[in-house]
Amino acid sequence: MSAAGTRVAVVTGGAGTLGAAIGARLASDGFEVTLFDIDGEAVAAAARRLSELTGREVAGWRVDVGDAGAVHDAVSRITGRGGRLDCLVNNAAVNLRGALAGQAPQDWDAMMSVNVRGPMLLCQAALPWWRRNGWGRVINLGSRTWLGGGPTGYVTSKAAVVGLTRTLAVELGPLGVTVNAVAPSMVATPFTRGGRSDAEFDGFMRRHLAMTPLGRLARPEDVADAVAFLAGDQAGFITGEVLHVCGGAQLAPSA
Ligand SMILES: NC(=O)c1ccc[n+]([C@@H]2O[C@H](COP(=O)([O-])OP(=O)(O)OC[C@H]3O[C@@H](n4cnc5c(N)ncnc54)[C@H](O)[C@@H]3O)[C@@H](O)[C@H]2O)c1
């Protein structure tokens, strides 16, 4: 049960690098945080780590964001506990890399299911609460790649996240809900490494550094800071925006 006045946050993909960093930051900022992730063991472990780190109780539940029934049940469980879901961070994603020639249709569908359908389902499930309470924050994790080239399905899904962000900002604004996207450039995580060898990953990172005016890769904390800003009261008049957390790499040609 959430304490009266305590804001409640859900972070999907909470067992991953950025999800855990965002969860830690929101918990430190006073949110009651629940992590959702398809990996039940990893999300339980992440929640325990975050509880120890922040001194606040963080929960971790196994939820597949592409499964409409599971999402509905999990969001009902959240709103049923304390009657609220103030901040929704749609962070879960998969990147099944491939150029057009090698794009397997089932990989395409999997990316659309997690990266695009997932955020839509989460918002749909939270809608009754927002209608009742008239306050909410949605932060969708995009990616700098939406501006240019990259793996076909992944880039398309992240461009769709921007479309979803903008149209939901219009639809949910009258309910007092802001909807924004945070679009990071490369953070050195298992997600970005994918199946690359050490040498390939090293070359990939160097190309990113060369196109980044601020001269370093993004850190998970950079992304968490941006999410925390958009989740707070100070960002209350900002909606439908894409906040690039890229050190200026969004201004450069793709690596
Ligand atoms: N790492 C980067 O450099 C980078 C750059 C730009 C954008 N992003 C975006 O940031 C977000 C997080 O990236 P990350 O690097 O932390 O990735 P990650 O792989 O560490 O975390 C992603 C998490 O999502 C979970 N997940 C996958 N499918 C799911 C499903 N169906 N339901 C619920 N959870 C599911 C995974 O189990 C994993 O824990 C993603 O949206 C990604 O597109 C990352």
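Cut-offs and rules
Residues numbered from 1 in each chain as written. Predicted model: local features only at pLDDT ≥ 70, side-chain atom pairs only at ≥ 80, totals over all residues. Heavy atoms only, no water. Helix = DSSP H or I, 4+ residues; strand = E, 2+ residues; numbered from the N terminus. Rg over C-alpha atoms; globule rule 2.2 N^0.38 Å. Buried < 20%, exposed > 50% of the residue type's maximum accessible area, 1.4 Å probe, protein only. Areas by Shrake-Rupley, 256 points an atom, 1.4 Å probe, with all protein chains shown as cover. Lys, Arg positive; Asp, Glu negative; His and termini not counted. Charge placed at Lys NZ, Arg CZ, Asp CG, Glu CD. Core = buried A, V, L, I, M, F, W, Y, C linked by side-chain atoms within 4.5 Å. Contact = heavy atoms within 4.5 Å. Axes fitted to C-alpha atoms, helices over the stretch in contact; angles between N-to-C directions. Parallel < 35°, antiparallel > 145°, perpendicular 65-115°, else oblique. Left-handed = near helix turned anticlockwise from the far one by under 90°. Nonpolar A, V, L, I, M, F, W, Y, C, P; charged D, E, K, R; others polar.

Student: Would you mind going over the overall build of the protein with me for this structure?
Tutor: Counting secondary structure elements, the protein contains eight helices and seven strands. The C-alpha atoms of the protein give a radius of gyration of 17 Å, which matches the 18 Å a tight globule of 255 residues would have. Structurally, the protein occupies a C-alpha span of about 50 × 35 × 35 Å along its principal axes. The buried share of the protein, reckoned over its 255 residues, is 50%. Accessible surface, the protein: about 11,400 Å² in total, of which carbon and sulfur atoms supply 55%. For the protein, the separation between the mean place of its 23 positive charges and that of its 22 negative charges on side chains is 3 Å.

Student: Where do I start with the nonpolar core in this structure?
Tutor: For soluble globular proteins, nonpolar side chains are generally found buried alongside one another. Counting residues in each nonpolar core, the largest one holds 32 residues, and the members touching the most others are Ile22, Leu26, Val33, Leu35, Cys87, Val89 and Val182. With seven residues, the top contributor of residues to this core is helix α1 (residues 17-28). Non-local contacts of cysteine 87, meaning those with residues more than four positions away in its chain, are made with Val8, Ala9, Val10, Leu26, Phe31, Arg137, Ile139 and Ala231. Counting 30 residues, the second-largest nonpolar core is a separate cluster that includes Val71, Ala74, Leu127 and Ala169.

Student: Whenever I open this one, the packing of helix α3 (residues 68-82) against helix α4 (residues 105-133) confuses me. Can you help?
Tutor: For any two helices packed against each other, one specifies the crossing angle of their axes together with the interaxial distance. Between α3 and α4, the least distance of the axes is 9 Å, while the angle of their chain directions is 40 degrees. It follows from the interaxial angle that α3 and α4 lie oblique. For the pair α3 and α4, the sense of crossing is right-handed. Here α3 contributes Ala68, Val71, His72, Val75 and Thr79 to the contact with α4, which in turn contributes Arg117, Leu121, Leu122, Ala125, Ala126 and Trp129. In the contact of α3 with α4, the residues fall into eight nonpolar, two polar and one charged.

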